[in-house]
Amino acid sequence: MISRTPMLQGGSRLSKHWRSPSTPLFNFPHRLLIIFKFSSLSQAKGLNSLDEECDEFLPWLEQKAGAKISSVLSIGKSAYGRSLFASEIIRTGDCILKVPYSVQIAPGNLLPKIKALLSDKKIGTVSKLAMILLVEQKRGQDSEWDHYISCLPQHGYIHSTIFWSEYELDLICQSSVYQETVDQKVTIEKDFAAVMPALEQFPELFESITLKDFMRAYFLVTSRAWESTKGLSLIPFTDFMNHDGVSNSIVLFDEDKKLSEVLISYGKFPNATLLLDFGFTLPYNIHDQVKIHMNIPYHDILREMKLELLQQHPSPTTKDAIGFSCSEDTFIIKEVRSPKGKGKGLPQSLRAFARVLCCTSPQELSDLAMEAAQTDGRLARRPLKDSRREFQAHQMLLSHITHLMQQHDAAIKLLAPVNFPSMCDTFAHRRQMAHDLLTGELRVLKSASTWLKNYCAVLQSTIHCQNL
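Presented here is a report on the structure given in the accompanying data block. Small disclaimer: the values here were computed from a predicted structure and weren't measured.

Quick notes on the rules
- Throughout, residues of each chain are indexed from 1 in the direction in which the sequence is written.
- In keeping with the model being predicted, local features are shown solely for residues with a pLDDT of at least 70 and side-chain atom pairs are shown and tallied solely at 80 or more, while totals for entire chains, interfaces and linings include all residues.
- Values shown for side chains rest on all heavy atoms present in the structure; no hydrogens or waters enter the calculation.
- Strands here mean DSSP runs of E at least two residues long; helices mean DSSP runs of H or I at least four residues long; both are numbered from the N terminus.
- Exposure categories follow from relative accessible area, calculated using a 1.4 Å probe and restricted to protein chains: below 20% of the type maximum is buried, above 50% is exposed, and the middle band is partly exposed.
- Residue contacts are counted whenever heavy atoms from the two residues lie within 4.5 Å of one another.
- The angle between two axes is taken between their N-to-C directions and runs from 0 to 180 degrees, where each axis is a line fitted to C-alpha atoms and a helix contributes only its stretch in contact.
- Note on angle classes: values under 35 degrees are labelled roughly parallel, values over 145 roughly antiparallel, values of 65 to 115 roughly perpendicular, and the remainder oblique.
- We treat two strands as partners when DSSP finds at least two bridges between them.
- The term salt bridge refers to a side-chain nitrogen of Lys or Arg lying within 4 Å of a carboxyl oxygen of Asp or Glu.
- Each pair of aromatic rings taken from Phe, Tyr and Trp, with Trp reduced to its six-membered ring, is defined by centres within 6.5 Å and is described as stacked if the planes are under 30 degrees apart, edge-to-face if over 60, and tilted in the remaining cases.
- Given a helix with a known number of residues, its expected span is that number minus one, times 1.5 Å.
- Definitions for this section: a left-handed crossing has its near helix turned counterclockwise from the far helix by less than a right angle. A right-handed crossing has that turn clockwise.
- Gly falls in the polar group here, along with every residue not listed as nonpolar (Ala, Val, Leu, Ile, Met, Phe, Trp, Tyr, Cys, Pro) or charged (Asp, Glu, Lys, Arg).
- Residues grouped as a nonpolar core are buried Ala, Val, Leu, Ile, Met, Phe, Trp, Tyr and Cys residues, joined through side-chain atoms within 4.5 Å.
- Here, a disulfide means two cysteine sulfur atoms that sit within 2.5 Å of each other.
- Whenever two N or O atoms come within 3.5 Å, that pair is a polar contact, provided that in protein one can donate a hydrogen and the other can accept it, and provided that, for residues adjacent in sequence, both atoms are side-chain atoms.

This brings us to the overall build of the protein chain. The helix and strand inventory of the protein chain stands at 14 helices and 11 strands. Here the protein chain, with 468 residues, has 52% of them falling under the buried criterion. In the protein chain, 77% of the contacts between residues at least 6 apart in sequence involve partners at least 24 apart.

Here it is as structure tokens:
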């Protein structure tokens with residue numbers, strides 16, 4: 001597999017949290033090895049030419065790091081954008097690069113006069129690194145980081161949904177990514193407002209800096225920076241490697257030698273995460289998932305009792321693909337591999353919620369509470385004793401998922417190839433990513449529907465036998 005490195009892709013979840021695109025970090029006290037999968041340049045499909053704009057990048061990095069970079073590596077142009085290629089096989093375990101801590105951009109690089117105006121309580125590390133990028137970009141060729149900064153993707157080449165137009169976002173309004181994008185943009189706007197006082201104090205450094213400029217810098221940090229024992233930092237060149245959704249790699253740090261060696265892995269993320277956080281999708285992503293929102297209707301006369309019961313017996317916290325907790329009325333479903341009901345099926349917490357939701361009397365709720373107290377404390381964990389009520393609960397789930405399927409299917413049909421002579425490459429690319437996202441989610445929904453239909457069929461047979 002060619003280790004392609006689209007420098008034109010990246011991103012991150014910017015709500016209250018920050019996380020890097022790495023797997024858990026490891027301290028490694030001795031010689032560090034990078035484990036990449038490469039094949040020969042002749043197999044690099046889509047390679048058009050070497051990238052002359054980055055000719056000086058590798059020599060600059062060698063000089064700044066005082067370390068030799070493997071001569072088999074080069075930066076070229078391909079169908080994937082600016083990419084990293086190997087001219088010969090690099091075997092697993094080969095060490096191709098060491099980056100000293102001194103060649104990493106960290107919050108400590110922020111000019112003291114700017115740092116003095118920033119409150120650590122209001123301004124996070126990501127914003128500080130973003131401001132460093134803005135300052136160094138303003139300096140242009142006078143910046144010691146110019147060869148690195150100039151290789152980072154510019155406006156128009158980043159495809160995270162935070163940069164999509166309202167029309168483009170409407171293409172994915174059926175996915176939870178839509179609202180997550182809106183929330184993320186609000187967060188970035190708040191962070192920009194928080195740094196504005198500092199920006200206004202130094203017009204010579206931040207003149208004409210707009211929200212769009214700050215958003216790009218912020219995005220570059222969250223898609224590329226790494227959290228290590230040194231703190232959050234940007235590591236030139238290593239953050240260009242293995243930008244794909246299936247690479248299996250880790251970040252290693254050598255505290256004794258003050259070195260970092262990075263093996264980027266986006267992890268087992270669905271297209272929803274890849275699109276919002278990193279600006280790309282996979283045509284077929286086995287890790288795709290769908291967020292299901294369910295709530296108790298306000299017209300339900302037992303609404304308050306049900307809410308109180310659910311609070312007294314909370315289900316295990318549902319977490320999304322990157323480990324953030326979801327709200328109590330949000331459930332995540334993944335592709336159900338066995339339509340016959342083998343394996344995990346749908347999340348137990350979702351099925352339990354449906355069982356509570358379909359209760360029509362205080363006695364039924366009391367029975368559920370008693371059963372939970374007599375077992376492991378989890379509410380509605382087991383099938384309802386009344387097969388008809390159990391059938392009703394799962395039919396309700398099936399109806400909800402069927403509705404979501406219909407919405408996704410309609411949205412996908414709107415994405416069908418149409419001959420638009422004026423369509424720009426950017427819009428065509430984003431339309432394809434929207435298609436990848438929605439078709440993956442529809443596949444998950446269909447698998448859940450099949451599972452539910454099978455389960456309901458079994459319940460119907462049971463009910464029929466009971467009536468005989």
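Looking now at the packing of helix α6 (residues 177-201) against helix α8 (residues 211-224). Axis separation between α6 and α8 bottoms out at 10 Å; the angle between their running directions is 110°. By the angle between their axes, α6 is roughly perpendicular relative to α8. Along its contact with α6, which presents Ile188, Glu189, Asp191, Phe192 and Val195, the element α8 presents Leu211, Phe214, Met215 and Tyr218.

Within strand β11 (residues 330-334), 4 of the 5 residues are buried, leaving the element largely enclosed by the surrounding structure. Relative to β11, strand β10 (residues 289-293) is paired through 5 bridges, and the arrangement is antiparallel. Its bridge partner lying in β11, Lys291 is registered against Ile332.

Next up on the list: unusual backbone geometry. The phi angle at Ser208 is positive, at roughly 70°, despite the residue not being glycine. Of note, Ser208 is situated in the loop between α7 (203-206) and α8. A relative accessible area of 61% places Ser208 in the exposed class. For Ala380, which is not glycine, the phi torsion reads 50° and is therefore positive. Within the secondary structure layout, Ala380 lies in the loop between α12 (362-374) and α13 (387-414). Ala380 sits in the buried class, given a relative accessible area of 0%.

On to the pattern of salt bridges, then. Tallying each qualifying case throughout the model produces 12 salt bridges. Note that Lys64 is salt-bridged to Glu144, the shortest N-O span being 2.7 Å. Taken together, the positions of Lys64 in helix α1 (residues 57-65) and Glu144 in the loop between α3 (125-139) and α4 (146-149) put the pair 80 residues apart, joining distant regions of the chain. With a shortest N-O distance of 2.7 Å, Asp376 and Arg378 are connected by a salt bridge. You can call Asp376 partly exposed: its relative accessible area is 44%. Exposure remark for Arg378: the relative accessible area of 33% places this residue in the partly exposed category.

So, on to the packing of aromatic side chains. As enumerated under the stated definition, the model contains 8 aromatic pairs in all. Seen in terms of ring centroids, Tyr167 and Phe427 are 5.7 Å apart; in terms of plane orientation they differ by 35°. Their pairing is tilted. Placement of Tyr167 in helix α5 (residues 166-170) and of Phe427 in helix α14 (residues 425-467) is noted, with a sequence separation of 260 residues between them. Take Tyr167: its relative accessible area is 56%, and that puts it in the exposed class. Residues Phe192 and Phe214 carry aromatic rings whose centres are separated by 5.4 Å and whose planes lie at 45° to one another, so their mutual orientation is tilted.

Once that is clear, we can look at α8. The terminal C-alpha atoms of α8, which comprises 14 residues, lie 20 Å apart, in line with the 20 Å expected from a rise of 1.5 Å per residue. Across the 14 residues of α8, 11 count as buried, placing the element largely inside the fold. Residues Phe214, Met215, Arg216, Ala217, Tyr218, Phe219, Leu220, Val221, Thr222, Ser223 and Arg224 constitute the buried set of α8.

A few words on the packing of α6 against helix α9 (residues 271-278). Taken N-terminus to C-terminus, the directions of α6 and α9 make an angle of 25°; their axes are 11 Å apart at the nearest point. Of the possible angle classes, the one that applies to α6 and α9 is roughly parallel. Considering the relative orientation of α6 and α9, their crossing is right-handed. Facing α6, whose interface residues are Val177, Glu180, Thr181 and Gln184, α9 presents Ala272, Leu276 and Asp277. A class-by-class count of the residues in the contact of α6 with α9 yields 3 nonpolar, 2 polar and 2 charged.

Once that is clear, we can look at the nonpolar core. Counting 111 residues, the largest nonpolar core has Phe57, Ile114, Met131, Phe206, Ile292 and Ile333 as the members making the most contacts within it. Within the second largest apolar cluster, 5 residues are counted, among which are Phe269, Leu274, Phe280 and Leu282.

Looking now at the environment of Ser447. Here Ser447 shows up in helix α14. The exposure class of Ser447 is buried, given its relative accessible area of 10%. Sequence-wise, Ser447 and Leu346 are 101 residues apart; in three dimensions their C-alpha atoms are separated by 9.7 Å. Those residues in contact with Ser447 that sit more than four places away from it in its chain are Lys334, Glu335 and Val336.

A few words now on the environment of Gln289. Secondary-structure assignment places Gln289 in strand β10. Expressed as a C-alpha distance, the spacing of Gln289 and Glu335, which sit 46 residues apart in the sequence, is 6.8 Å.

Under the criterion given, the structure shown has 0 disulfides. Cys359 takes part in no disulfide bond, and the closest cysteine sulfur, belonging to Cys358, lies 5.2 Å away. Given the relative accessible area of 4%, Cys359 is considered buried.

Attention shifts here to the side chain of Thr281. Within the secondary structure, Thr281 sits in the loop between α9 and β10. Side chain to side chain, Thr281 and Asp436 meet in a polar contact 2.8 Å long. Here Thr281 is in contact with Asn271, Leu275, Met433 and Asp436, once residues within four sequence places are set aside.

Examined against the element boundaries, Pro270 turns out to sit in the loop between β9 (259-262) and α9. Separated by 17 residues in the primary sequence, Pro270 and His287 have C-alpha atoms spaced 4.8 Å apart.

That's the geometry; what it means functionally is another story.
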